[in-house]
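# A closer look at the structure
The residues making up each chain are set out below.
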Amino acid sequence: MSLIAFYKPNIKSKITSAILILLIAPILIGCTGQNRNAATQSWSGVAVSDNSTYIGTKDGKLIQLSVDGGVARIAPFETPQTQENQGFPAIYGTPTLNDDRIFFGTYNGLVISVNNNDFRDLRTFEIGGNDLTKGIAGSVIVQGDKLIVAAAEDANEGRLYVLDKNTLSEICRYPARNEKPIGQLWTTPVIQDGVAYFGDLNHYVHSVSITDCSNNWISPSKLGGAIVSPPTILDDNLYLGTFDQFFYSINLLTGNPEKLFAANNWFWSGSVTDGDSFYIPNMDGNIYAYDLSNGRIKWVYPDKPQVEPILAAPVLHQDKLIFATDSGMMVVLDTVTGSRLWDRRVGDSVRAPLTLYNNLIFVHSLDETISAVDMKTRQLSWARNLKDVR
């Protein structure tokens, strides 16, 4: 299945459309099963625990660097092959830290757990599906004693897996083995009160119990476009954007959707909220600030035609919103006015979600550079190219 079919550009967006096709081409190759033996891109964010950061790479390596200087203390962990030996998997999702373990998925269908101190005590689970096209594009979520994983099983099919956190044995999957799969999953679920919420490429949002993988709504919620962005939960609603260019709220109890506003292009990355407003990047190059109190857009930045999509999820720090562009600029905005406070270059294109830890912003760019920017001094604290880590 081609994502290009979801995007119907108008005359004003021809240039942006061409760029979008170039941006998603590496993923489309993975979906069609071509060139799975070659490393693709990696959009892994940076996970932080104590004084260590953890990042996934395009050739299936997990790398640990120190927070204070980007020093590699141990050798990278190299992802093992699947049973069918289907190539070298990229790590797209941000690793997840829990207790003394680190969890992540690979784009050839492995769920992996290792000790976060020495990368030993390897445990794996391989998802079902077509060996040429299956994969995991989001993060592995830890909820109590369970792991929740959204996976693509084939070019048009996906399932949600619930695994035992300790053994990685399967507890259940949605839909069940003997049921028809749902649309392909390129997202990371969110969990609340024992229920997983996530969208698929067939335009549906699902609400699934992580106890027995039963459907929590009468039926999935049908939206107007493909869904890859992780949803955000606030109070009694789920919020997310889709490829139909609309940003939605969905009632958690009923699954009833409501269109909140329209942008000029796809919503790819997740949104962030301070409880009063949502800050939402779009592939039209704008950040939209949506005021929950009156249901209106309070500002748009930079609010002009762009050919530079925003794919990386932003972060909030006090009264500031920090995002990164596809040209490698990190930009800091005032959340009240939407005015630009400062910016700095952080390498190549940025498509991985940003990470905030204390006063440091961690950015993973496509040239495999990790940049740590100090929000107090506005200076680069350190930068490290992952290709140099052995």
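Parameters at a glance
Residues numbered from 1 in each chain as written. Predicted model: local features only at pLDDT ≥ 70, side-chain atom pairs only at ≥ 80, totals over all residues. Heavy atoms only, no water. Helix = DSSP H or I, 4+ residues; strand = E, 2+ residues; numbered from the N terminus. Areas by Shrake-Rupley, 256 points an atom, 1.4 Å probe, with all protein chains shown as cover. Salt bridge = Lys/Arg side-chain N within 4 Å of Asp/Glu carboxyl O. Buried < 20%, exposed > 50% of the residue type's maximum accessible area, 1.4 Å probe, protein only. Polar contact = N/O pair within 3.5 Å; in protein donor to acceptor, adjacent residues only side chain to side chain. Pairing = 2+ DSSP bridges. Phe/Tyr/Trp six-rings, centres within 6.5 Å; stacked < 30°, edge-to-face > 60°. Lys NZ or Arg CZ within 6 Å of the ring centre and 35° of its normal. 1 Å grid on protein atoms, 1.4 Å probe; cavity = no way out; pocket = protein on both sides within 12 Å on 5 of 7 lines; lining within 4 Å. Points joined across faces, edges and corners; volume = space filled by probe spheres on them. Nonpolar A, V, L, I, M, F, W, Y, C, P; charged D, E, K, R; others polar. Core = buried A, V, L, I, M, F, W, Y, C linked by side-chain atoms within 4.5 Å. Contact = heavy atoms within 4.5 Å.

## Describing the overall build of the protein chain
Within the protein chain, the secondary structure is distributed over 1 helix and 32 strands. When the accessible area of the protein chain is evaluated, it comes to approximately 15,500 Å², of which 46% is carbon and sulfur surface.

## Regarding the pattern of salt bridges
In total, this model carries 12 salt bridges according to the counting rule given. Residue Asp131 pairs with Lys134 through a salt bridge whose shortest N-O separation is 3.2 Å. Each of Arg101, Asp121 and Arg123 takes part in a single network of salt bridges with overlapping partners.

## Some details on unusual backbone geometry
In this chain, Tyr174 is followed by Pro175 through a cis amide linkage whose omega measures -10°. Inspection of the secondary structure assignment puts Pro175 in the loop between strand E12 (170-174) and strand E13 (190-192). Pro302 follows Tyr301 through a cis peptide bond whose omega is -5°. Examined against the element boundaries, Pro302 turns out to sit in the loop between strand E24 (296-301) and strand E25 (315-317). Phi angles above zero are rare outside glycine, and Cys213 is one such case at about 65°. Mapped onto the fold, Cys213 is located in the loop between strand E15 (204-209) and strand E16 (221-222). Residue classification places Cys213 among the buried positions, given a relative accessible area of 8%. Non-glycine residue Glu368 carries a positive phi angle of around 70°. Residue placement: Glu368 occurs in the loop between strand E30 (360-364) and strand E31 (369-374).

## Description of the side chain of His364
Turning to its location among the elements, His364 is positioned in strand E30. A polar atom in the side chain of His364 sits 2.9 Å from the side chain of Glu368.

## A closer look at the sheet that holds strand E1 (residues 47-49)
Read across the open sheet, the 4 strands follow the order E1-E2-E3-E4; overall the sheet is antiparallel. The sheet terminates laterally at E1 and strand E4 (77-78), the two strands that pair on one side only.

## Observations regarding the packing of aromatic side chains
Counted by the stated rule, this structure contains 23 aromatic pairs. Where Phe247 meets Phe267, the ring centres are 5.8 Å apart and the plane angle is 55°; that geometry is what we call tilted. Separated by 20 residues along the polypeptide, Phe247 in strand E19 (residues 246-251) and Phe267 in the loop between strand E20 (257-262) and strand E21 (272-273) bring together distant segments of the chain. In terms of burial, Phe247 and Phe267 fall into one category: buried. Feature note: the residues Tyr239, Phe247, Phe261, Phe267, Phe278, Tyr288 and Tyr290 constitute an aromatic cluster, connected by ring pairs. Its end group placed over the ring of Phe246, Lys259 keeps NZ or CZ at 4.1 Å from the ring centre.

## Focus on the sheet that holds E13
Spatially, E13-E14-E15-E16 is the arrangement adopted by the 4 strands of the open sheet, whose pairing is antiparallel. Of all strands in the sheet, those with a lone pairing partner are E13 and E16, marking the two edges. Pairing between E13 and strand E14 (residues 195-199): 3 bridges, direction antiparallel. Paired with Ile191 across the strands is Ala196, a residue of E14.

## Observations concerning the pairing of strand E6 (residues 101-105)
Counting buried residues along E6, 5 of its 5 residues qualify, which places the element largely inside the surrounding structure. The alternating pattern of E6 places Arg101, Phe103 and Gly105 on one face and Ile102 and Phe104 on the opposite face, and all of these are buried. From the end of strand E5 (residues 96-98) to the start of E6, which pair antiparallel, there are 2 residues, and Asp99 there has a positive phi angle of about 55°. When E6 meets strand E7 (residues 110-115), the two strands line up antiparallel, connected through 5 bridges. Looking at the pairing, Arg101 lines up with Asn115 of E7. With antiparallel pairing between neighbouring strands as the criterion, E6 and E7 make up a hairpin whose turn holds 4 residues, including Gly109 at a positive phi of roughly 95°.

## Overview of the side chain of Lys320
With respect to the helices, strands and loops of the structure, Lys320 is situated in strand E26 (residues 320-324). Here Asp319 takes part through its side chain, which lies 3.3 Å from a polar atom of the side chain of Lys320.

## Focus: the pairing of E15
Within E15, 5 of the 6 residues are buried, leaving the element largely enclosed by the surrounding structure. The pairing of E15 with E16 spans 2 bridges and is antiparallel. Residue Val205 lies in a different strand from E16, and its bridge partner there is Ser221.

## Details of the layout of surface pockets
One number sums up the size of the largest pocket: a volume of about 870 Å³. A per-class count over the lining of the largest pocket returns 23 nonpolar, 11 polar and 1 charged.

## Looking at the nonpolar core
Formed by 15 residues in total, the largest nonpolar core has its most connected members in Ile148, Leu160, Tyr174, Ala196 and Phe198. When sequence neighbours within four positions are dropped, the list of residues in contact with Tyr174 reads Arg159, Leu160, Ile182, Phe198, His206, Val208, Cys213, Asn215 and Pro220. Of all hydrophobic cores here, the second largest spans 14 residues; its members include Ala324, Val346, Leu354 and Ile361.

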